[in-house]
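Structural overview
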Amino acid sequence: MEDVGFYNGEYGRIMDLKCSIMDRGMYFGDGCYDATYVCNNVILFLEDHLNRFYNSCRLLEIPFQYSREELTEILYNIVEKYDFSEGMIYWQTTRGTDFRNHVFPDFEQVKPNLMAYIRPFEMRPIDKTYKVITLEDTRFLHCNIKTLNLIPSVIANQRAREAGCDEAIFHRGDIVTECAHSNVMIIDKGVLKIHPYDNLILPGIASIHLMNLARANGIPTAEEEFTLDTLMNAEEVLITSSGSLGNRVISVDGKPVGGKNPELLKKLQDLAVDEVLVYTKQK
């Protein structure tokens, strides 16, 4: 199939599958999700994405009924039914289907729903550069959960598009946190830095891998707060996500940034790409 979907045991084309209007994801956004890419028919860093997904379920107190092994089998069944070897795979759970009520439903009577799909979607080439804007981070204090409540990120991405940019960098006061749907990192005096992995940012799989690769190759790293001024004056600014392994930012709010340590940035980019090629057995 050109795209493959799954909903509560049923496989089919994405647009053919249906869910109930009483799904708690419809009226509360009461659920969580994860997503990554499929390269050479391999789900990229699936173990890490499952760790984050099950942690999101735990933090939201969703009694997700599938084991890791069962969920892995479902996801790879989707990949096997897919016509291509590359794409983006997405899965989410909601607290279940029941009449609207703010309190949790009876878990003995209402089981979580599982939806997943794969569709064509290319990863960003590593040499693709980004232009970004900055926005005050007005989201809640549970950004470490990959929740379905994404309206602030949707609005931020729309503002970025209207400005002719690729992403929006959030900040709380003067402190940079993350992007609307990515992580932001900087190279500052030869040190690869990211905001601490606390409740104010999502623990991005690509960012964690890049930090680990840096450490393994003798590149200093730091998980610490940094300001907008530090961002603007950093040697390099880079964006990481499952689809962007370390792309360089060239402008923030219309002002040029980075370009002061291209050798270190290229080394990090090469390490990230090589890891993906090895993981998917293409190298």
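Preceding this paragraph is the structure being described.
Residues numbered from 1 in each chain as written. Predicted model: local features only at pLDDT ≥ 70, side-chain atom pairs only at ≥ 80, totals over all residues. Heavy atoms only, no water.

Notes on helix α5 (residues 205–216)
Going by this rule: Only runs of H or I of at least four residues qualify as helices and only runs of E of at least two qualify as strands under DSSP, and these elements are numbered from the N terminus. In this analysis, the expected span of each helix is defined as 1.5 Å times one less than the number of residues it contains.
For α5, which comprises 12 residues, the first-to-last C-alpha distance of 16 Å matches the rise-based estimate of 16 Å (1.5 Å per residue) to within 8%. After α5 finishes, the residue Gly218 shows a positive phi value of roughly 75°.

So, unusual backbone geometry
Quick reminder of the rule: For every residue, the accessible area (1.4 Å probe, protein chains only) is compared with the maximum for its type, and the residue is labelled buried under 20%, exposed over 50%, or partly exposed between those bounds.
Its identity is not glycine, yet Asn41 carries a phi of approximately 65°, on the positive side. Checked against the element boundaries, Asn41 lands in the loop between β3 (31–39) and β4 (42–43). On the basis of relative accessible area, Asn41 is assigned to the partly exposed category, the value being 37%. One non-glycine residue, Asp253, lies in the positive phi region at around 55°.

Some words on a negative patch on the surface
Where we set the bar: Only residues above 30% relative accessible area that lack a salt bridge enter a patch, with like-charged residues linked at up to 9 Å and the nonpolar side chains Val, Leu, Ile, Met, Phe, Trp and Tyr linked at up to 5 Å. Only the protein chains shown count as covering a residue, and every accessible area follows the Shrake-Rupley method with a 1.4 Å probe. Here, a salt bridge means any Lys or Arg side-chain nitrogen found within 4 Å of an Asp or Glu carboxyl oxygen. The convention is simple: Lys and Arg are positive, Asp and Glu are negative, and His and the chain ends are not counted. Here the site of a charge means NZ on Lys, CZ on Arg, CG on Asp, or CD on Glu.
Taken together, the side chains of Glu69, Glu70, Glu73 and Glu80 present a region of like negative charge at the surface. When you line up the elements, Glu69 lands in helix α3 (residues 68–81).

Some thoughts on the environment of Gly164
Along the chain, Gly164 falls in the loop between α4 (151–162) and β8 (167–172). What makes Gly164 exposed here is its relative accessible area of 53%. In the structure, Gly164 is positioned 31 residues away from Ile133 in sequence and 9.4 Å away in space, judged by C-alpha atoms.

Some words on the packing of aromatic side chains
Remark: the centre distance and the inter-plane angle together describe each pair of aromatic rings, the angle taken between the planes. Let me state the cut-off plainly: Two aromatic rings, drawn from Phe, Tyr or Trp (for Trp, its six-membered ring), form a pair once their centres lie within 6.5 Å of each other, and the interplanar angle then sorts them: stacked below 30 degrees, edge-to-face above 60, tilted otherwise. Whether a charge sits over a ring depends on NZ of Lys or CZ of Arg being within 6 Å of the ring centre and within 35 degrees of the ring normal.
Within this structure, the stated rule accounts for 13 aromatic pairs. Between Phe6 and Tyr11, the ring centres sit 4.9 Å apart and the planes meet at 65°, which makes this aromatic pair edge-to-face. On the basis of relative accessibility, which here comes to 3%, the residue Phe6 falls in the buried class. Tyr11 gets classed as partly exposed once you look at its relative accessible area, which sits at 27%. Taking 6.2 Å as the distance between ring centres and 65° as the angle between the ring planes, the aromatic pair formed by Phe53 and Trp91 counts as edge-to-face. You can see Phe53 sitting in helix α2 (residues 46–60) and its partner Trp91 sitting in strand β5 (residues 87–94), a full 38 residues away along the chain. One exposure class covers both Phe53 and Trp91, and it is buried. Among the aromatic residues, those joined into a cluster by ring pairs are Phe53, Tyr54, Phe64, Tyr66 and Trp91. Here the basic side chain of Lys81 rests over the ring of Tyr11, its NZ or CZ set 4.9 Å away from the ring centre. The cationic tip of Arg95 hangs over the ring face of Phe104; the distance from NZ or CZ to the ring centre is 3.7 Å.

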